[in-house]
Amino acid sequence: MLRAKLETGELAPAEALARLTEALPASPRAKRAEAYHLIGAIAGRAFDAPWDVAERAAWTLLGAALAIDAPSERRELLAAMGRGFRNLWLLPYVHARLADEDPDTVEAAIDAAGGLGFPGLEAALVTFLDEETPRPLRLAAIRALGRAGAVSAAARLAELTGDDPRIAAAALTALTEIRSPAAVAAAAAACADDPPRELLLAAVRYLAEMGRDEVLPVLRRLGRDADAELRLVAAQAARTLQAVARGDAGAQLLAALTERDRVVRALLARRLRLLPIADVLAEAEVLLGEDAEGVVQVIGELRTPEVTRFLMAVAGDAARDPVVRARAAGAVEANEEWERETLAAAALDATRDDGVRVAAAQALGAFASLDELLGRLGPLADTASPALRGAFLWALQLAARPRELGDVQRERLVALLRGALADTDPGVRRRAAYVAGNLRLEALAPVLIELAKAAGDRTDIRVAAFVGLEELARGDSVGAVAALFRREEETSALVPASRAVLAAAGHAATRPDLGHLAGKLSQLLAAEDAARREAGLRMAGLAAGAVSPGQILPLAADPAPRVREQALAALGRLVAAGASGDAAAVEAAFDAALDDPDEGLRERAAEALLLVGGERSLRRLLDYVSGESDGRARALAAGRIDVPPPLRAALRPAVDQALARLHADDPAWEALVRLKIALLAEPAAAAPAGPAAAAGSVDDAIAVLFPMWRHLSTVSGFAPLARSLRTAESLYRSTASVADADPSPPIILWMKCLEGYVHAWLSRRLAPRQNELLWDHAERLAGPVWPGYSRWLADRWADHVDVGGMRVEVPLRAVPNALRELLERRQKRLDSPLSVTEWARLMVLLGVDHPSGAKNTLAIPANSPEQVVKVAHRLCVLAAVRNACTHRTAPPPGAVEAFRRSYYVGFEELTGMA
């Protein structure tokens, strides 16, 4: 409702922000997420929001971050921040989360970085394009660079257009958003090769947006296609091609300037990248007098050396508005050394306005290395202007990477921040506290504690100190931080103070004694303000003996959702610490939360049950893990379940039932499989060892049949598959001697690992030659080649195979059926993994050199044609066993061991060819 009113102008952004801010504390998780996203849009100056309102919206999001404990809600908040286009206040928080320990949080931060659209974040995003980066993060980085219009990353993205089809399609889509012609040749080649649908559409859109005539033959072909979506894409691409051909610098510049929404204006400005830069700048000079601020934003999107000179000339023009001059300096993309020298000179030039110097310093921080920044802008640490001293700190946190800091760099930063934390200006001290936390400078924890003590009535400084202490999370500081919490009375500082104590307690060597807080906590739990109750509950969970579960239970039904969440967390910690109370009432509270429609309450109840333990709690937790809540939250909970030995036998059936409720692709499935392994590993259940259990370790057992495993398991890109393979082997070793053990989980995991490996190996060989490999070669095979080739195959392909007493069928007729599909041009979606069977058939059709005319167009480095057919046949057999045992029948024990042996031998052969 609020969004509709904002879009129609019935409601002012300032009024909407006030309503949303007021409603946040009383909203359940889903409503809070909706509010975050709308506030994020206002922070990006949507709905014609003025700059002061956008700033307040950003501060609202940053304030919300102080009360978020759950990773899933933090991801929602980051997504909202990604809507705050070019809102500088959001930059440090997003930048810091790029180094988070939680991969899902990192992915959300990558997306948010793309939405913020600051050129200075591009270098950090490019680091995620490496092949060793997990695929979800790699794709997220490609999308984010496109969304940000990252000209600096165009060449790197163009290199990815020769990657597997999904990566290539994402890279072309990103380059389309960037408006870079860096991949024209690759896109044209892809269109000529009839690529998978996703890659074809991406290449067509890209070539049309680049104004390239190479797309015309494809448009003519798609325009006659039976698929309506393809026809519409062709029509749109044709219109785009015509529009680009009629490109006029003046008209396009005016179109961008007359658009009020800043995000759309930026998208329109990128169209100017395809025009001669001299023409664009000539038009910009004419329009500077009419709308200087708009011209600066539009021209800043072009990001060329000529643009840098233009912007710095505007920044140095004393006759222009100071705001315009500062925006011009801040819009510079300083990828080249001379550009960084220019910004540094501007930042150090005492004759310029402070606003311009601040903007230049902050812009430089996003592009310079830490050593370069310290060398160029070091004098700003002692300059007379507090704004410039603060800008230097801002630049430091953008240039430094906490995990990459050397000892010398860390010592220098500690010295600089120690001085800044004692600065005469409160604003500098506040910023220094945030930066100390963001850079993980643990040596400054005592200084932050003293800063909070000496802050007096400056609540903002105490909040900054608590936030910094939470990031540092030094266990030896828990007592001092708890003392700060005890003396804190300001509501806005209590929540960050409680979070700082909780973080420090989590890293303490021993459980802290917080009994001296009993009186303070009793007051907070009875407070009228929900934020005070929330802070009290967060601390109550640590104060066993000072607070009883009976005091917490009423708050589990509190009107404020955040208070209810914290009450559940506190109950879990207290019960886990041995606090006595009404056990039935506590169980009822957890049961009610697990059945609550609020995702946040279910997640916090699961976290509490992990602490509580006990058979009943673990059974309820298994119900949650195998339910319909957020998949990533369930997977995280499943991975943390620890069943004590006395309960293992009783809970095995419950784990099996939970597994049965989940599909193998569910995020929590593999974590539950690992739990099943743990439950089967108790010493009391040991029985005569089976053939797999004889090996001393999992890796040793694998290497017996798969010698290349020793090397393959050390390859970082193979790490996720290696984890699944080890899990499968461990599960089999644990169940080999257990009667009536279900063979499905280890076999599914074995095959998932194999499918991922085969796809990673073959998709790259197939994608660049799609037309030749699939269509032209299929037509040659189906001609006079096929009779002789099929007779040769028949002698080397057994239709019926016995696997340890289990008979499976792998009929050769499936191969000509696959050939028929190719002739009928049933598009193979190589952007997502094919089944092992599909890949095996393609190997037989496209990977064999034979005198009959079949060609190894996949360039598989096999010793002989027979070797390729043998491996392909083995892959089909393994898939057939998997299908049989998971969908129809349970194989005898001998069949499972025969499958395992054949699997590893086949993996060894496959790795040898790869």
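Residues numbered from 1 in each chain as written. Predicted model: local features only at pLDDT ≥ 70, side-chain atom pairs only at ≥ 80, totals over all residues. Heavy atoms only, no water.

**Details of the overall build of the chain**
For step 1, the next point in the chain: The helix and strand tally for the chain stands at 50 helices and two strands.
For step 2, the next point in the chain: Against the 2.2 N^0.38 benchmark of 29 Å for 914 residues, the chain shows a C-alpha radius of gyration of 31 Å, consistent with a compact globule.
For step 3, the next point in the chain: On the principal axes, the C-alpha backbone points of the chain span a range of 85 × 80 × 55 Å.
For step 4, the next point in the chain: Across the 914 residues of the chain, 56% fall into the buried class.
For step 5, the next point in the chain: Within the chain, residue pairs in contact and separated by at least 24 positions form 70% of the contacts whose partners lie at least 6 positions apart.
For step 6, the next point in the chain: For the chain, the accessible surface area stands at approximately 36,600 Å², while carbon and sulfur atoms represent 53% of it.
For step 7, the next point in the chain: A distance of 2 Å separates the average location of the 108 positive side-chain charges in the chain from that of its 120 negative side-chain charges. (Helix = DSSP H or I, 4+ residues; strand = E, 2+ residues; numbered from the N terminus. Rg over C-alpha atoms; globule rule 2.2 N^0.38 Å. Buried < 20%, exposed > 50% of the residue type's maximum accessible area, 1.4 Å probe, protein only. Contact = heavy atoms within 4.5 Å. Areas by Shrake-Rupley, 256 points an atom, 1.4 Å probe, with all protein chains shown as cover. Lys, Arg positive; Asp, Glu negative; His and termini not counted. Charge placed at Lys NZ, Arg CZ, Asp CG, Glu CD.)

**Description of the pairing of strand β2 (residues 806–809)**
For step 1, the next point in the chain: Residues M806 and V808 of β2 are buried on one face, while the alternating residues R807 and E809, pointing to the opposite face, are not.
For step 2, the next point in the chain: When strand β1 (residues 800–803) meets β2, the two strands line up antiparallel, connected through four bridges. Within β2, the residue paired with V803 across the bridge is M806.
For step 3, the next point in the chain: What sits between the antiparallel neighbours β1 and β2 is a turn of two residues, in which G804 has the positive phi angle 60 degrees. (Pairing = 2+ DSSP bridges.)

**What about the confidence of the model for the chain?**
For step 1, the next point in the chain: When pLDDT is averaged along the chain, the result is 86; 94% of the residues meet or exceed 70.
For step 2, the next point in the chain: Confidence, read as mean pLDDT per element, is least for helix α46 (residues 770–794) in the chain (73) and greatest for helix α28 (residues 445–453) (95).
For step 3, the next point in the chain: Counting interchain partners and residues more than four positions distant, the pLDDT-below-50 stretch residues 683–696 has 15 contacts.
For step 4, the next point in the chain: Note that pLDDT drops below 50 for residues 827–832; the model gives that stretch 23 contacts with residues more than four away or on any other chain. (pLDDT = per-residue confidence, 0-100.)

**Remarks on the pattern of salt bridges**
For step 1, the next point in the chain: Considering all chains together, one arrives at 71 salt bridges under this definition.
For step 2, the next point in the chain: For E293, the salt bridge identified is with R327, shortest N-O distance 2.5 Å. Of the two residues, E293 is situated in helix α19 (residues 292–300) and R327 in helix α21 (residues 322–330); the sequence distance between them amounts to 34 residues.
For step 3, the next point in the chain: A salt bridge links R604 to E607; the nearest nitrogen and oxygen atoms lie 2.8 Å apart. In this pair, R604 and E607 are both assigned in helix α37 (residues 599–612), three residues apart and thus about one turn of the helix distant. (Salt bridge = Lys/Arg side-chain N within 4 Å of Asp/Glu carboxyl O.)

**Here we look at helix α15 (residues 228–245)**
For step 1, the next point in the chain: With 18 residues, α15 should reach 26 Å at 1.5 Å per residue; the first-to-last C-alpha distance of 26 Å fits that figure.
For step 2, the next point in the chain: All buried positions along α15 are accounted for by L230, V233, A234, A237, T240, L241 and V244. Along the long axis of α15, the arc covered by the buried residues comes to 130 degrees, so they all point the same way.
For step 3, the next point in the chain: Buried positions along α15 lie against α13 (197–209) and α14 (216–223).
For step 4, the next point in the chain: Its side-chain oxygen at 2.8 Å from the backbone nitrogen of E229, D227 defines the N-terminal cap of α15. (Expected span 1.5 Å × (residues − 1). Arc of directions from axis to C-beta. Polar contact = N/O pair within 3.5 Å; in protein donor to acceptor, adjacent residues only side chain to side chain.)

**What about helix α20 (residues 305–315)?**
For step 1, the next point in the chain: Residues of α20 that are buried: V307, T308, F310, L311, M312, V314 and A315.
For step 2, the next point in the chain: Among the structural elements, α18 (277–287), α19, α21, α22 (337–348) and α23 (354–365) are those in contact with the buried residues of α20.

**Describing the environment of G479**
For step 1, the next point in the chain: With respect to the element layout, G479 can be found in helix α30 (residues 478–487).
For step 2, the next point in the chain: Distance in space between the C-alpha atoms of G479 and S730 is 43 Å, their sequence separation being 251 residues.

**Some words on the packing of helix α24 (residues 370–377) against helix α25 (residues 386–399)**
For step 1, the next point in the chain: Close contact between α24 and α25 brings their axes to 9 Å; oriented N to C, the two are set at 160 degrees. In terms of axis orientation, α24 runs roughly antiparallel to α25. Of the two possible hands of crossing, α24 and α25 adopt the one that is right-handed. Two secondary-structure elements touch here, α24 through L370, L373, L374 and L377 and α25 through F392, A395, L396 and A399. (Axes fitted to C-alpha atoms, helices over the stretch in contact; angles between N-to-C directions. Parallel < 35°, antiparallel > 145°, perpendicular 65-115°, else oblique. Left-handed = near helix turned anticlockwise from the far one by under 90°.)

**With respect to the environment of L77**
For step 1, the next point in the chain: Within the secondary structure layout, L77 lies in helix α5 (residues 71–81).
For step 2, the next point in the chain: Take L77: its relative accessible area is 0%, and that puts it in the buried class.
For step 3, the next point in the chain: C-alpha of L77 to C-alpha of A33: the two residues are 44 residues apart in sequence and 7.1 Å apart in space.
For step 4, the next point in the chain: Each residue touching L77, except ones within four places of it in the same chain, is listed here: Y36, L61, A64, A65, I68 and Y93.

**Section: the packing of aromatic side chains**
Where two aromatic rings form a pair, the distance of their centres and the angle of their planes describe that pair.
For step 1, the next point in the chain: Overall, the coordinates contain 15 aromatic pairs when judged by the stated rule.
For step 2, the next point in the chain: Every member of this aromatic cluster is reached through a ring pair, and the members are F706, W709, Y732, W750, Y757, F899, Y903, Y904 and F907.
For step 3, the next point in the chain: Over the ring of Y93 we find R97; its NZ or CZ atom is 4.8 Å from the centre of that ring. (Phe/Tyr/Trp six-rings, centres within 6.5 Å; stacked < 30°, edge-to-face > 60°. Lys NZ or Arg CZ within 6 Å of the ring centre and 35° of its normal.)

**Overview of the side chain of R564**
For step 1, the next point in the chain: With respect to the helices and strands, the residue R564 is situated in helix α35 (residues 561–576).
For step 2, the next point in the chain: Of note is the side chain of R564, whose polar atom sits 2.7 Å from the backbone oxygen of D558.
For step 3, the next point in the chain: Beyond its immediate sequence surroundings of up to four residues, R564 is in contact with L555, A556, A557, D558, P559 and L601.

**Points about the side chain of D423**
For step 1, the next point in the chain: Position of D423 relative to the elements: it lies in the loop between α26 (407–421) and α27 (426–438).
For step 2, the next point in the chain: A polar contact is formed between the side chain of D423 and the side chain of R389, at a distance of 2.8 Å.
For step 3, the next point in the chain: The residues contacting D423, other than those within four sequence positions of it, are R389, V428 and R429.

**Focus: the environment of F128**
For step 1, the next point in the chain: Structurally, F128 can be placed in the loop between α8 (122–126) and α9 (135–148).
For step 2, the next point in the chain: Classification of F128 as buried rests on a relative accessible area of 12%.
For step 3, the next point in the chain: Residues F128 and H95 lie 33 residues apart in sequence; the distance between their C-alpha atoms is 13 Å.
For step 4, the next point in the chain: With sequence-adjacent residues up to four places away left out, F128 is seen in contact with L98, V106, I110, T133, L137, R138 and A141.

**Observations regarding unusual backbone geometry**
For step 1, the next point in the chain: Although it is not a glycine, D48 adopts a positive phi angle of roughly 60 degrees.
For step 2, the next point in the chain: By the secondary structure assignment, D48 is in the loop between α3 (29–43) and α4 (51–65).
For step 3, the next point in the chain: One non-glycine residue, R179, lies in positive phi territory at about 65 degrees.
For step 4, the next point in the chain: Note that R179 resides in the loop between α11 (165–178) and α12 (184–192).
For step 5, the next point in the chain: Classification of R179 as buried rests on a relative accessible area of 11%.

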